[in-house]
Amino acid sequence: MPKELGKTYQPQEVEAAIYAMWTEGGYFAPKKGDKPAYTIVIPPPNVTGQLHLGHAFDNALQDALIRYKRMDGYEALWMPGTDHAGIATQIVVEAELRKTEGKSRFDLGREAFIKRVWEWKEKYGNRIVEQLKKLGSSCDWNRLRFTMDEGLSRAVREVFVSLYDKGLIYRGNRITNICVSCQTALSEAEVDYEEQEGKLYHVSYPLSDGTGFLTVATTRPETMLGDAAVAVHPNDRRFAGLIGRTVLLPLMNREIPVIADEYVDKEFGTGCVKITPCHDPNDYDVAKRHNLPELLIMNQNGVINANGGKYAGLTREQARKAVLADLEKDGLLIKTEPHPHNVGTCARCHQNVEPMASEQWFVSMKELAAPAIAAVKEGRTKFVPERFEKLYLHWIENVRDWCVSRQIWWGHRIPVWTCSACGNVFAMREDPESCPHCYSIDLVQDPDVLDTWFSSALWPFSTLGFPDDTEDLRRFYPTDVLVTAYDIIYLWVARMIFSGIEHTGKEPFHTVYMHGLLRDANGKKMSKSAGNGVDPLEMIDQYGTDALRIYLTSLANLQGGDMNFAPDRCEHFRNFCNKLWNASRFVLSNLGDTGGWTLPESLSLPDMWIVTKLQGLVYDVTAHLDKYELNLAIQKLIDFIWDDFCDWTIELSKNQLRHDDTKEATQQILAYVLETSLRLLHPFAPFITEEIYQSFPDGLRGSPSLMIAQWPEPEDRLRFNHEAGQMELLMDAVRAVRTRRSEMKVPPSKKAAWTVETQHQELFESHAWVFKSLAGASDVTFGAAAEGAVQIVTSGATIALPLAELVDLEAEKARLAKELASAQKEYDVLSAKLQNPGFTEKAPERIVLAERERLAALKERIERLSP
RNA sequence: GGACAAUUAGCUCAGUUGGUAGAGCAUCCGCUUGACGUGCGGAGGGUCAGCGGUUCAAGUCCGUUAUUGUCCACCA
């Protein structure tokens, strides 16, 4: 029996039960069908994460795709999981530790701290998963993975050791970006550059022989403590005589040479550059070329070390102040000028990073990048929209070696050991018990952990069982499409591509569907500090999940551009859900004895029209989904359901349901169109469509859940183009009369007899009920208009309404004359176009044909309008 | 410095191979029409940033200018 549906849709009352029903039914698990596997891996949210709008958007798109493919017979797997998010998680747990116990991670020690993080993860790590479920995400939750699971950790080991053995991972001392707040190295992709209002300090370095000064310009004066030289351009005449001599480094009283190097830009600053090998990447290179000594003056925590002389123990900020003050005192600070420049900041904590020399592990990129470039250039991996390919290629073609070691504790420990006995350094898949070289058991493991993205890069195959050759891996890998925002192309997407190729021999997905970022209603970036963030869960409470999802889906655009989210615009989509709800109530309360949602044997003209429209919709929605044009798909669905189905089909059905001879067929057509529409809408609005579907009587449900109902296919036999065109004539007449009546302020309750002059008399006569139902016709007769009637010229007919008492005859004449003039003008333009051989010969036939028809229609209209 | 994108109705934005410019919101006018006022019917409002080009035909393709935004590189 059909469930009783309330007058308005109340999403809060049904969503949880629907989700539970899906879960209990086991519908999220992939089912073998007549089509192959279709796989999407979720971009794993951080375990520390709270659901934000970006997740909601990304997941709405993925869920729509996976639900569509599942209904379409594919063995659809949406692989879920979470990321351990090394630094981010460690920061969160450290903060909590400091707050609740006033302790640092060092107070606890490494093992105890890691235990704490695991406890935290067990307690809070599933919060984001529960939130994803609220969105209706149809992930196969039984497969939930975590990047630090045993299996995934094994994948990390395998990949590390395999790269190490191939010589593609090495340890090296070089300038790396260090976050002194997180106290770890970062990869270049984790550094954000931002323009800061800095200062350029001009500092005098006296020549050792006391004959003068050289003035250098610097933005980081504290680094002068580590200076190894002053460099000038070899062709710079100003300093030609000074090359090879020495200056006395102020404050440190060290003699350093003046060298010549082409790196120096003569035009910039003073033309003299201080060379600080350990604290600037360019200086490092210069130092290598000139064999300069390397002097590190700062620790990873940003505190000046013993090499900094009397400044040792000061933080970098304190050191800068002290150095400047001392220079000032010595009269060596010549000038300070404002100098806006780009400064690298830590992507996690937004503190300025400190470039400094340190020992780190690197992945050698050149060899790995080559096939990843080819994969995209040769089309095995495609980006949608295509323009993102350029970004990807530009990055990977210029990629530098990847710094993968992090000086934190939460993450995959680098599987490299050093033998204290023989000094052997080796990487192993299993923790070793003794040195493979000298069998000593005195082994020390590298203290660092791997970059979080090292494990994320393996996600498409590590989640499916790699490194084991599992059935899942064979069936679901390579995956199909990766859906994510463009801001992690380098951090994640590119690394998955080269990792997938290197370790599995296959590109991890054939399509990368990229989208933009959500901004607030004014186009501003959403952020906690600005307080303009929108909580999707609040949106769900207020408007329902489906309304939020439809709105988000409609925001996607074909350029992958950023989108502005205005919370109150959810209302429109909430209204749409309610509209669908009520349309369904109407259809369900008028089912009668309809035994199924098959079409009636004979179709009326309006039936043929809506069925034809529906075929077009099936075709369009499917095509848009296949092309990742989800915004267009949802727009067409809304237009069809609201405008075509509700405003025309349902309105007309009210008349047809009153007559015994048309009642049953009408019931059937309503059920048929509604049921098909629900299936098409389901990927976008899973809850409401399922709730309505479950309210259908048993005979009308082909499947226990709409989730696993079959995706509709367009049927050519149900395209009635001619009849649909006839219907449009009737609709034009309805609209034309409505407009005129409205202009003349005739209340809808006032009916009027129509006198129609038309070549389509049979059509208009047999469908007089349409005009009576929708356009206030009391009677429809045929013939010439009576004197003083209001004449309405529409496509195919002139309709006369006897509303003489409401009409100013002169105004009426003027209006008709104006319409005639405008029609005539349009006719002239069109006829000139059709007389142009350039057009008739070169334009496609269908266009010419359509224009000829338009011309004929205009001609007829002009005749009708002519007095 | 380089690259990419955007510029369409008062506002926010769609616009899928070039083929008569669309939506929502806002505004205005009507409506106790038996699914829905979270609704129904109707109206006004646009030289699609400027200029030039290709084409029978340009919001759509090409060039150029302007403005805005993003990314990359990098200036001690």
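Each value, and the rule that gives it
- Residues numbered from 1 in each chain as written.
- Chains lettered and ligands numbered in written order.
- Predicted model: local features only at pLDDT ≥ 70, side-chain atom pairs only at ≥ 80, totals over all residues.
- Heavy atoms only, no water.
- Helix = DSSP H or I, 4+ residues; strand = E, 2+ residues; numbered from the N terminus.
- Rg over C-alpha atoms; globule rule 2.2 N^0.38 Å.
- Areas by Shrake-Rupley, 256 points an atom, 1.4 Å probe, with all protein chains shown as cover.
- Lys, Arg positive; Asp, Glu negative; His and termini not counted.
- Charge placed at Lys NZ, Arg CZ, Asp CG, Glu CD.
- Axes fitted to C-alpha atoms, helices over the stretch in contact; angles between N-to-C directions.
- Parallel < 35°, antiparallel > 145°, perpendicular 65-115°, else oblique.
- Contact = heavy atoms within 4.5 Å.
- Salt bridge = Lys/Arg side-chain N within 4 Å of Asp/Glu carboxyl O.
- Buried < 20%, exposed > 50% of the residue type's maximum accessible area, 1.4 Å probe, protein only.
- 1 Å grid on protein atoms, 1.4 Å probe; cavity = no way out; pocket = protein on both sides within 12 Å on 5 of 7 lines; lining within 4 Å.
- Points joined across faces, edges and corners; volume = space filled by probe spheres on them.

## Regarding the overall build of chain A
Phase 1: Of the regular secondary structure elements, chain A holds 28 helices and 29 strands.
Phase 2: Taken over C-alpha atoms, the radius of gyration comes to 37 Å for chain A, far larger than the 29 Å a tight globule of 867 residues would show.
Phase 3: Overall size of chain A, expressed as C-alpha extent along the three principal axes, is 115 × 65 × 55 Å.
Phase 4: A total accessible area of about 38300 Å² is found for chain A, and carbon and sulfur atoms account for 49% of it.
Phase 5: Positive and negative side-chain charges of chain A, numbering 97 and 121 respectively, have mean locations separated by a distance of 2 Å.

## Observations concerning the packing of helix 19 (residues 605-626) against helix 20 (residues 630-656)
A pair of packed helices is captured by two measures, namely the crossing angle of their axes and the spacing between those axes.
Phase 1: Relative to each other, helix 19 and helix 20 sit at 170 degrees, their axes nearing to 9 Å. Here helix 19 lies roughly antiparallel to helix 20, going by the angle between them. Between helix 19 and helix 20, the contacting residues are Pro606, Trp609, Ile610, Lys613, Leu614, Leu617, Asp620, Val621, His624 and Leu625 on the first element and Leu630, Leu632, Ala633, Lys636, Leu637, Phe640, Asp644, Phe645, Trp648, Thr649 and Leu652 on the second.

## Considerations on the pattern of salt bridges
In a structure, side chains of opposite charge can pair up when their charged atoms sit close to one another.
Phase 1: Here the structure, examined in full by the defined rule, presents 59 salt bridges.
Phase 2: For the salt bridge of Lys133 with Glu130, the shortest nitrogen-to-oxygen distance reads 3.6 Å. Residue Lys133 and its partner Glu130 are both found in helix 6 (residues 127-134); the two are separated by 3 residues, about one turn of the helix.
Phase 3: Exposure remark for Lys133: the relative accessible area of 22% places this residue in the partly exposed category.
Phase 4: One salt bridge in this structure joins Asp620 and Lys636, with 3.8 Å as the shortest N-O distance. Of the two residues, Asp620 sits in helix 19 while Lys636 sits in helix 20, which places them 16 residues apart along the sequence.
Phase 5: The exposure class assigned to Asp620 is partly exposed, which follows from its relative accessible area of 25%.
Phase 6: Classification of Lys636 by relative accessible area gives partly exposed; the value is 34%.
Phase 7: Because the salt bridges share partners, they merge into one network encompassing Arg740, Glu743, Glu812, Arg815, Glu819 and Arg861.

## Considering the layout of surface pockets
Phase 1: Each pocket or cavity is described by its volume, and for the second largest pocket that value is around 560 Å³.
Phase 2: Around the second largest pocket, the lining is made up of 20 residues, and of these Gln791, Lys813, Leu816, Leu865 and Pro867 lie nearest the centre.
Phase 3: When residues of the lining of the second largest pocket are traced back to their parent elements, those giving at least two are strand 28 (790-794), helix 26 (809-835) and helix 28 (845-865).
Phase 4: Top element by residues in the lining of the second largest pocket is helix 26. It accounts for 6 residues.

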